[in-house]
Amino acid sequence: MSVIVPMREPAPPVRLHIRCLRPFCGHEALLEPRPLFGAEDRWPKDGLSNRFVCRCGGRAAHVSRVVGRPRPDNPCGWL
């Protein structure tokens, strides 16, 4: 007698949502953190960060984690 084990869905990917805080700048990005930072304990913490530089020149950003896939009409990751 064989036992059938249901297949598990893979965990949804976690991305970093980076939003520039410079006044009148609306740039945002979704980044794949594992290739950039390695292990999860090395990822930037959620909240305010000066670790990223926006293309407008701003260094203040808000970082948060997003679980799931980007929208299909947005393949490059920019929001």
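No experiment lies behind these values; they were computed from the predicted model shown.

Undergrad: Break down the pattern of salt bridges for me, citing the residues and quoting the values.
TA: Scanning the model with the defined rule gives two salt bridges in all. Between glutamate 32 and arginine 15 there is a salt bridge, with its nearest N and O atoms 3.0 Å apart. Here the residue glutamate 32 occupies a position in the loop between β2 (28-31) and α1 (33-37), and arginine 15 occupies one in strand β1 (residues 14-20), the gap between them amounting to 17 residues. The exposure class of glutamate 32 is partly exposed, given its relative accessible area of 39%.

Undergrad: Tell me about the nonpolar core, and please be specific about residues and values.
TA: When a protein is soluble and globular, its nonpolar side chains tend to lie buried together. One finds Leu16, Ile18, Phe37, Trp43, Phe52, Ala61 and Val63 forming the largest nonpolar core, which totals seven residues. Elements represented by at least two residues in this core include exactly β1 and β4 (61-67). With near-sequence residues (within four places) excluded, isoleucine 18 lies in contact with His27, Glu28, Ala29, Leu31, Phe52, Ala61, His62 and Val63.

Undergrad: Can you lay out the sheet that holds β1 for me, pointing to particular residues and giving the numbers?
TA: Judged by pairing direction, the sheet is antiparallel, and its four strands sit side by side in the order β2-β1-β4-β3 without closing on themselves. Looking along the sheet, the strands with just one partner apiece sit at the ends: β2 and β3 (47-49). Strand-to-strand twist across the sheet, computed as the mean angle between neighbouring axes with direction ignored, equals 35°. The pairing of β1 with β2 spans four bridges and is classified as antiparallel.

Undergrad: Give a detailed account of the side chain of arginine 15, specifying residues and quantitative values.
TA: Arginine 15 sits in the buried class, given a relative accessible area of 12%. Here glutamate 32 takes part through its side chain, which lies 3.0 Å from a polar atom of the side chain of arginine 15.

Criteria and cut-off values
Residues numbered from 1 in each chain as written. Predicted model: local features only at pLDDT ≥ 70, side-chain atom pairs only at ≥ 80, totals over all residues. Heavy atoms only, no water. Salt bridge = Lys/Arg side-chain N within 4 Å of Asp/Glu carboxyl O. Helix = DSSP H or I, 4+ residues; strand = E, 2+ residues; numbered from the N terminus. Buried < 20%, exposed > 50% of the residue type's maximum accessible area, 1.4 Å probe, protein only. Core = buried A, V, L, I, M, F, W, Y, C linked by side-chain atoms within 4.5 Å. Contact = heavy atoms within 4.5 Å. Pairing = 2+ DSSP bridges. Axes fitted to C-alpha atoms, helices over the stretch in contact; angles between N-to-C directions. Polar contact = N/O pair within 3.5 Å; in protein donor to acceptor, adjacent residues only side chain to side chain.

By themselves, these figures tell us nothing about what the structure is for.
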